[in-house]
Amino acid sequence: MIRKTVENVQEALKGVKDGMTLMLGGFGLCGIPENTISELVRLGVTDLCCISNNAGVDDFGLGLLLQQKQIRKMISSYVGENDEFERQMLSGELEVELTPQGTLAEKCRAAQAGFPAFYTPAGFGTEVALGKETREFNGKMYVLEEAFKADFSFVKAWKGDEAGNLIFKGTARNFNPCMCGAANITVAEVEELLPAGSLDPNDIHVPGIFVQRIFQGEKYEKRIEQRTVRPRN
């Protein structure tokens, strides 16, 4: 059995350098790799291109990297609740490539599966399609989108084992599974790390073949971006 466990986040991020392209799982603040982001801030790596659905909020998630001006380019589907993201984008400090959300997910999945590109109708006739090849299929126009090319993919899972098999919990599943194996190196941080063979094979969402490094995360905040509760009587 191949053991993919590393001792801590510091060892998990070995090899991360300035100018790299990184994928980061999560949706809003749900299912984001909190330990990894904190370590990226501590390392001080800069000139990063980050692929993520959005960029967290001002003081949490990828917002922490934006505050330190460590990100050169964001590839996302929307700005979200991050005022600093919006400010840097409008001022021209940050290069932003807004991508339809389904296309963003499929560009990850294509990279995971080894497909160089795919056709999608999303974005045809808009700025999204500028400079891209288009083609008609059965009377409908499609845009050719290329798969992402990333150096590292950082994901967060609920449970994992020493062989890299992963289980996600609820909506934290979001972009995490399709980013596994979509970069040169995939690093998974998990809330619970178990011995190989402990997970029921029927419960595993991502097999270990897609993961190169896995470590036990700690001190998760799991913030809720917009808390909505029922009024008390």
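- The protein is annotated in an unreviewed UniProt entry as CoA transferase subunit A of Maribacter aquimaris.
- Per UniProt, the protein has the following entry under Sequence similarities (unreviewed entry): "Belongs to the 3-oxoacid CoA-transferase subunit A family."

## Quick word on the pattern of salt bridges
Consideration 1: Tallied over the entire structure, the rule returns 17 salt bridges.
Consideration 2: Glu39 is paired through a salt bridge with Arg42; the nearest N and O atoms lie 2.7 Å apart. Here the residue Glu39 and the residue Arg42 both occupy positions in helix H2 (residues 34-43), the gap between them amounting to three residues, near one helical turn.
Consideration 3: Under the relative-accessibility criterion, Glu39 is labelled buried at 4%.
Consideration 4: Where Lys156 meets Glu191, a salt bridge forms, and the shortest distance between an N and an O atom there is 2.8 Å. Placement of the pair is Lys156 in strand E8 (residues 152-161) and Glu191 in strand E10 (residues 185-194), with a sequence separation of 35 residues.

## Let's talk about the nonpolar core
Consideration 1: By size, the foremost hydrophobic cluster in this structure holds 30 residues, and its most contacted members are Leu22, Leu24, Leu40, Met74 and Phe154.
Consideration 2: Every element with two or more residues in this core is listed here: helix H1 (9-12), strand E1 (21-24), H2, strand E2 (48-51), helix H3 (63-67), strand E3 (71-76) and E8.
Consideration 3: Setting aside anything within four residues of it in sequence, one finds Met74 in contact with Cys50, Ser52, Asn54, Ala55, Leu62, Phe85, Leu94, Glu95, Val96 and Glu97.
Consideration 4: Residues Met23, Leu104, Ala147 and Ile214 belong to the second largest nonpolar core, which totals 27 residues.

Thresholds applied
- Residues numbered from 1 in each chain as written.
- Predicted model: local features only at pLDDT ≥ 70, side-chain atom pairs only at ≥ 80, totals over all residues.
- Heavy atoms only, no water.
- UniProt positions renumbered as here; feature names shortened; annotations may be inferred.
- Salt bridge = Lys/Arg side-chain N within 4 Å of Asp/Glu carboxyl O.
- Helix = DSSP H or I, 4+ residues; strand = E, 2+ residues; numbered from the N terminus.
- Buried < 20%, exposed > 50% of the residue type's maximum accessible area, 1.4 Å probe, protein only.
- Core = buried A, V, L, I, M, F, W, Y, C linked by side-chain atoms within 4.5 Å.
- Contact = heavy atoms within 4.5 Å.

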